[in-house]
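Okay, here's what each chain looks like letter by letter:
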Amino acid sequence: MLFRSLLRWTAPLLIAATSLHASAQTTLRIGFQKSASLLTLQKSSGSLEKKLAPLGVSVKWVEFPAGPQLLEGLNVGAVDVGFVGEAPPIFAQAAGAQFVYIGYDPAAPEAEAIVVPKDSSIKSVAELKGKKVALNKGSNVHYLIVKALEKQGLKFSDVQAVYLPPADARAAFERGAVDAWVIWDPFLAAVEKQSGARVLADGRGIVNNYAYYLAERGYAEKQPQVIRALFEDTQAQANYLKANTKAAATVIAPLQGLEPDVVEKSLTRYQFGVKPLTPAVAAEQQKIADTFHALGLIPKSIRVADALPGTAKLAEAGK
C-alpha cells in the first residue's frame, strides 16, 4: 500500500530509469537525502568523482525527499545505490522490492529521542501513558517509542499516536497540540537548540539506530569494484568529518537549511564510517521487521536474510 501511494511520484522515475539504462554501466547513480550529512558532505566535496575517475565511472547524485521514495527509485532502476535508515528497507522488502544490504553505519542511539516541551510536567517515559505522541509512522523512531514503552511495562496502544512528518510534527509540538515528539537528527538537534525541548529518553539502552547502504542486486553483484571505491571514499570522508566536525558543519549547514551549531550538535551523535553487514546487525534489523509485522505496519512477515548479498566477492567489497 505504501508503494502504491507513491505511484504518481515514481512514474517519472520509470522514464528516467529507461533513459539512463545505457549509461548506467559507466555511471554510479546514488540516491541520497539532504538529511544524510555524510553523503551531503561527500557530494559537495567531489571526492567520490575523483575516486572513481580511474575506473572510468562518473557519479550522478539523485536527491529524494525521504527513504521510501529513495527505495522505490532503487526498485525501478533509477538509482544503483542508496542510503537510508532502518525502516524503509523493511517496508520495501515487504512490498517485493529487489535490493541487497551492502553496508551499514555504526549504531547511533543518541541521534533519536523522545522529547517534551521544556516546561512540560512529564518527567519520564512512563508518564506518557494516555498522552499524545507525535511520530513519523513506520520510521526508526516508531520502533524507538515501542521499545521505550515496553521497557516501562507499557504497550504502544497505551499512548495516543499522532502520525505526522517532521515539519508538521514540530509545528504541532510547539503549539502544544501533542505532549511529546519522537524524532531523529538533525531535527532533534534543531528543536533542542531552538525551542529548548527536553529529552525524556534517547535510544541508548533501548535501540541501536543503524543506517544502511543498499544496492540494486544485479548492480551489486556485477560492480563490486565500484562499491569498494565508494566505501573507501565514504570512510575517508567520515574520518575527515569526525576530525573536523565544526568545519564540516559549516559546509553542510547551508545545504540542509540549518544553522551550523545545530548541524554540529547532530554530527556529534553519529559515529559514521561504513562497515560490511554482520549477522548480528542483520538480526537486529529482523527484530524491527518482526515488530512492525506484529503492529500491522507491514502486511506480511519478511526474512531480512533474503536481502543480504549472495556472494563472497560482494562481501569483500565492503571491507
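Residues numbered from 1 in each chain as written. Predicted model: local features only at pLDDT ≥ 70, side-chain atom pairs only at ≥ 80, totals over all residues. Heavy atoms only, no water.

As a further point, take the packing of aromatic side chains. The geometry of an aromatic ring pair is captured by the separation of the ring centres together with the interplanar angle, meaning the angle of the planes. Counting across every chain of the model gives 11 aromatic pairs. Pairing Tyr101 with Tyr212 gives two aromatic rings, centres 5.1 Å apart and planes at 80°, and the pair type is edge-to-face. Here the residue Tyr101 occupies a position in strand β4 (residues 100-105), and Tyr212 occupies one in strand β10 (residues 211-215), the gap between them amounting to 111 residues. According to the relative accessible area criterion, Tyr101 is buried, its value standing at 0%. Here a set of aromatic residues connected by ring pairs shows up, and it is made of Phe99, Tyr101, Tyr104, Tyr210 and Tyr212. (Phe/Tyr/Trp six-rings, centres within 6.5 Å; stacked < 30°, edge-to-face > 60°. Helix = DSSP H or I, 4+ residues; strand = E, 2+ residues; numbered from the N terminus. Buried < 20%, exposed > 50% of the residue type's maximum accessible area, 1.4 Å probe, protein only.)

When you line up the elements, Thr234 lands in helix α10 (residues 224-243). When its relative accessible area of 0% is taken as the criterion, Thr234 is described as buried. A distance of 2.8 Å separates a polar atom in the side chain of Thr234 from the backbone oxygen of Leu230. Sequence-distant contacts of Thr234, that is, excluding residues within four places in its chain, are made with Leu38, Gln42, Tyr213 and Val274. (Polar contact = N/O pair within 3.5 Å; in protein donor to acceptor, adjacent residues only side chain to side chain. Contact = heavy atoms within 4.5 Å.)

The subject of this paragraph is the packing of helix α7 (residues 166-174) against helix α8 (residues 187-195). Two elements in contact, α7 and α8, have axes separated by 12 Å at closest approach and are oriented at 25°. Relative to α8, the element α7 lies roughly parallel. Where α7 crosses over α8, the two elements pack in a sense that is right-handed. In this structure, α7 contributes Pro166, Arg170, Phe173 and Glu174 to the contact, and α8 contributes Phe187, Ala190, Val191, Gln194 and Ser195. In terms of residue class, the contact of α7 with α8 is made up of 5 nonpolar, 2 polar and 2 charged. (Axes fitted to C-alpha atoms, helices over the stretch in contact; angles between N-to-C directions. Parallel < 35°, antiparallel > 145°, perpendicular 65-115°, else oblique. Left-handed = near helix turned anticlockwise from the far one by under 90°. Nonpolar A, V, L, I, M, F, W, Y, C, P; charged D, E, K, R; others polar.)

The 5 strands lie next to each other as β2-β1-β3-β10-β4, forming an open sheet whose pairing is mixed. Both edges of this open sheet fall to β2 (58-63) and β4, since each of them pairs with a single strand only. Each neighbouring strand pair of the sheet contributes to a mean axis angle of 25°, computed without reference to strand direction. Looking at chain direction, strand β3 (residues 81-85) and β10 are connected through 5 bridges and run antiparallel. Among the inter-strand pairings, Val84 is bridged to a residue of β10, identified as Tyr212. (Pairing = 2+ DSSP bridges.)

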